[in-house]
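Architecture at a glance
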Amino acid sequence: MKVITLEYPVDPAKIPTGQCVLAMGFFDGVHRGHQAVIMRAKQIAQQRNLPLTVLTYNQSPAIVFRQFKNGVHYLSTLDRKIDLMKQLGVTLLYVMSFTSHLAKLSPQKFIDEVIVNLHPAVTVAGFDHTYGPKNAGMAQLPEYAHGRFQVEVVEKLSDQDEDKVASTKIRQLLDDGHVDQANQLLGYRYCTTGTIVHGLARGRTLGFPTANVSWQVDQRIPAVGVYAVQFLVNHHWYNGMASVGYNETFGDHNQKTIEVYLFGFNDEIYGEQVTVRWVKEVRGQVKFQSTAELVQQLKQDQIVCTQILTNLKDLHNQLVH
């Protein structure tokens, strides 16, 4: 897959000649609804023998339109999104800088000066995709296209409760600790990445040495609690349990941490880049009255996590990483 970064105005020299089938969207999380858009575009591309192309953005469009008191936390960072797009078979990925200048384009100018310059034979997007400061929708896109490309709209994908599969809902589920439910909407198990750093080494004294993960600040981390996880380091996956919290038992309230205890693992991995795959929440964070009480609970957590991970079944549309 080729990745091309773009800015407005689009530089024609960066755009390959020839037509393409263009899927459009921010695609945060590349969840099942997004996958439906890309798979429909892929189907059309194969029928027409054209490259499957995706237009996405380097940052959330919402950054331009409103403030975020606690910062922006993505379901998929740009690197993660690129990896997911590659797994879905995308041929060419355009990553456009989303700025105030781009956001102020009228719908017609956006189509004329951005979309048309990417040479689409067909554009594909979800039913709720919008563009331009007036939030023009897919129903108006054929009017702005003026016959220069065809328009394909992918209708709403719903979960079992008949709600739309949406990034907003997935974010809320993660914020509530319901990672297993979020995974069902994603179509794969949620992952975050980071670097192993030195911690306070309390876990080692308790018989549960943990890997302390320093994560990227723009990633969305699940709610405080204990989780069954899978852990990728040095190209190998390990089972384990992760604690997201503030070490309340020991009076540490300031810095949120991710500590992962790996089953059957005994190696130093400081400085390694790792991936945490979040499987299921086991319990919330608890302040224990004694170290002995904490150790007893950790032993029980390990039993529960081992059972969860031993009986783990693949999701219907599990992406590789």
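Quick look at the structure, then. This structure is a prediction, so every number in the text was calculated from the model and none was measured.

Okay, the pattern of salt bridges next. Summed over the entire model, instances satisfying the criterion amount to nine salt bridges. When the shortest N-O distance is used, the salt bridge between Asp128 and Lys164 registers 2.8 Å. In this pair, Asp128 sits in the loop between strand S5 (120-126) and helix H6 (141-145) while Lys164 sits in the loop between strand S6 (150-154) and helix H7 (167-175), placing the two residues 36 residues apart along the sequence. Owing to a relative accessible area of 40%, Asp128 belongs among the partly exposed residues under this scheme. In this structure, the salt-bridge partner of Arg283 is Asp301, at a minimum N-O distance of 2.8 Å. Taken together, the residues Arg283 in strand S12 (residues 273-283) and Asp301 in helix H10 (residues 291-310) connect sequence positions 18 residues apart. Residue classification places Arg283 among the buried residues on the basis of a relative accessible area of 17%. You can call Asp301 buried: its relative accessible area is 1%.

Turning our eyes to something else, we now look at the sheet that holds strand S3 (residues 52-57). Taken in spatial order, the six strands make up an open sheet running S1-S4-S3-S2-S5-S6, and their pairing is parallel. Two strands in the sheet have a free side with no partner beyond their single neighbour: strand S1 (2-6) and S6. Strand-to-strand twist of the sheet, defined as the mean angle between neighbouring strand axes without regard to direction, takes the value 25 degrees. Here five bridges tie S3 to strand S4 (residues 92-96), and the two strands are oriented parallel to one another. By the bridge assignment, Leu55 is partnered in S4 with Tyr94.

This model, assessed by the stated rule, comprises eight aromatic pairs. When the ring centre of Phe26 is taken as origin, the NZ or CZ atom of Lys81, which lies over that ring, is 3.8 Å away. In this arrangement the basic side chain of Arg277 is found over the ring face of Trp237, its NZ or CZ atom lying 3.9 Å from the centre.

Right, let's talk about the environment of Ala139 for a bit. Mapped onto the secondary structure, Ala139 falls in the loop between S5 and H6. Separated by twelve residues in the primary sequence, Ala139 and Val151 have C-alpha atoms spaced 9.4 Å apart.

Quick look at the pairing of strand S2 (residues 20-24) now. Where burial is concerned, most of S2 is hidden: five out of the five residues are buried. Side chains Cys20, Leu22 and Met24 project from S2 onto one buried face, and the interleaved Val21 and Ala23 project onto a second face that is buried too. In terms of strand pairing, S2 meets S3 through four bridges, oriented parallel. Considered in S3, the bridge of Leu22 is made with Thr53. Traced from S2 through helix H1 (residues 32-48) to S3, the parallel crossover comes out right-handed.

What counts, and where the lines are drawn
- Residues numbered from 1 in each chain as written.
- Predicted model: local features only at pLDDT ≥ 70, side-chain atom pairs only at ≥ 80, totals over all residues.
- Heavy atoms only, no water.
- Salt bridge = Lys/Arg side-chain N within 4 Å of Asp/Glu carboxyl O.
- Helix = DSSP H or I, 4+ residues; strand = E, 2+ residues; numbered from the N terminus.
- Buried < 20%, exposed > 50% of the residue type's maximum accessible area, 1.4 Å probe, protein only.
- Pairing = 2+ DSSP bridges.
- Axes fitted to C-alpha atoms, helices over the stretch in contact; angles between N-to-C directions.
- Phe/Tyr/Trp six-rings, centres within 6.5 Å; stacked < 30°, edge-to-face > 60°.
- Lys NZ or Arg CZ within 6 Å of the ring centre and 35° of its normal.
- Right-handed = clockwise from strand over helix to strand, strands pointing away.

What is shown is where atoms sit, not what they do.
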